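A closer look at the structure
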Amino acid sequence: MKKHSWLYLNSLTIAFVSMLVICLAAQAYTGLEQFNDELEKMGMEKISFAAYLTSPHFLEATFENWESEFLQMAMYVVLTVWLRQIGSAESKDPDKKEDVDREPKPGPDAPWPVNKGGFWLKLYKHSLSLAFLVLFLVSFCLHFKGSLGHYNIEQVSENKPTATAAEYILNSKFWFESFQNWQSEFLSVASIVFLSVYLRQWGSPESKPVDAPHMETGK
């Protein structure tokens, strides 16, 4: 491997994490303004920025989006094991085995679970999809907590009875928040899977070579 700086070798992650932090900070700032407007209209006291970061409004807005992202990636990682799309850069070749299908072999450069074998190898073979699934479940629970809390604040302001967690899990408001995000994530995956059959982006590993035939499957 050529000698590159740490920044260059990790620039893709750094770029996306930086954009995440900037957008999350902007969301928190604007969300505080919006939530305090809501509280004022309901005759309640405004809250500080620090308090807002643990408020139901912030939890609901943040984790209903994260939940859908992690669900999208979990489904994408799992379904691409078995399903195919001819001509797509995002699909394995339907007619041959690929490197990702080979059985792992121990070696000096192999990850430690491969050399350990047994349970740890079995777990590691599915660790990517399991990680996304766990992140989805954590985000789902935090979205639920925030949505329930926000719902009950609105109920109190209108002098209506609050809901328990058992009651709110069947509430259409919560599931509307989830499904409106889930469908958009599945649309984005379907779009890149299908559009990569016919369209190209020079230099991107998510695209086939510009001169590749439309029906050539994989990168």
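Shown above is the structure to which this text applies.
Keep in mind that what you see is a predicted model, and the values were worked out from it rather than measured.

1. Some remarks on the overall build of the protein chain
Across its full length, the protein chain carries nine helices and zero strands. Helices (α) and strands (β) of the protein chain occur, in sequence order from the N terminus, as α-α-α-α-α-α-α-α-α. Against the globule reference of 17 Å for 219 residues, the protein chain gives a C-alpha radius of gyration of 23 Å, more extended than a compact globule. Expressed as lengths along the three principal axes of its C-alpha atoms, the size of the protein chain is roughly 65 × 45 × 40 Å. Burial statistics for the protein chain: of 219 residues in total, 31% are counted as buried. Considering only intrachain contacts with a sequence separation of at least 6, the fraction spanning at least 24 residues in the protein chain is 57%.

2. With respect to the nonpolar core
Phe136 and Tyr168 are the most contacted members of the largest nonpolar core, which has 14 residues in total. Broken down by secondary-structure element, the contributors of at least two residues to this core are α4 (56-82), α7 (127-157) and α9 (172-198). The element contributing the most residues to this core is α7, with six residues. Here Phe136 is in contact with Glu67, Phe70, Leu71 and Trp182, once residues within four sequence places are set aside.

3. Details of the packing of aromatic side chains
Applying the stated criterion to the full structure yields 19 aromatic pairs. Each ring, one from Phe35 and one from Tyr52, has its centre 6.1 Å from the other, and the planes form 45°; the classification is tilted. Pair noted here: Phe35 is in helix α2 (residues 11-41) and Tyr52 is in helix α3 (residues 49-52), with a separation of 17 residues, a long-range link. Comparing Phe35 with Tyr52 shows no difference in burial state: the two are buried. Each residue in the set Phe136, Phe140, Phe144, Tyr151, Tyr168, Phe174, Trp175, Phe179 and Trp182 is aromatic and connected to the rest through ring pairs, giving one cluster.

4. Describing unusual backbone geometry
In this model, Asn159 sits at a positive phi of 55°, which is unusual for a non-glycine residue. Along the chain, Asn159 turns up in the loop between α7 and α8 (165-168). Taking the relative accessible area as the measure of exposure, Asn159 reaches 73% and is therefore exposed.

5. Concerning the side chain of Ser147
Within the secondary structure layout, Ser147 lies in helix α7. For Ser147, a relative accessible area of 0% puts it in the buried group. Reaching out from Ser147, the side chain makes a polar contact with the side chain of Tyr168 at a distance of 2.5 Å. With sequence-adjacent residues up to four places away left out, Ser147 is seen in contact with Glu60, Tyr168, Lys173, Phe174 and Glu177.

What counts, and at which threshold
Residues numbered from 1 in each chain as written. Predicted model: local features only at pLDDT ≥ 70, side-chain atom pairs only at ≥ 80, totals over all residues. Heavy atoms only, no water. Helix = DSSP H or I, 4+ residues; strand = E, 2+ residues; numbered from the N terminus. Rg over C-alpha atoms; globule rule 2.2 N^0.38 Å. Buried < 20%, exposed > 50% of the residue type's maximum accessible area, 1.4 Å probe, protein only. Contact = heavy atoms within 4.5 Å. Core = buried A, V, L, I, M, F, W, Y, C linked by side-chain atoms within 4.5 Å. Phe/Tyr/Trp six-rings, centres within 6.5 Å; stacked < 30°, edge-to-face > 60°. Polar contact = N/O pair within 3.5 Å; in protein donor to acceptor, adjacent residues only side chain to side chain.

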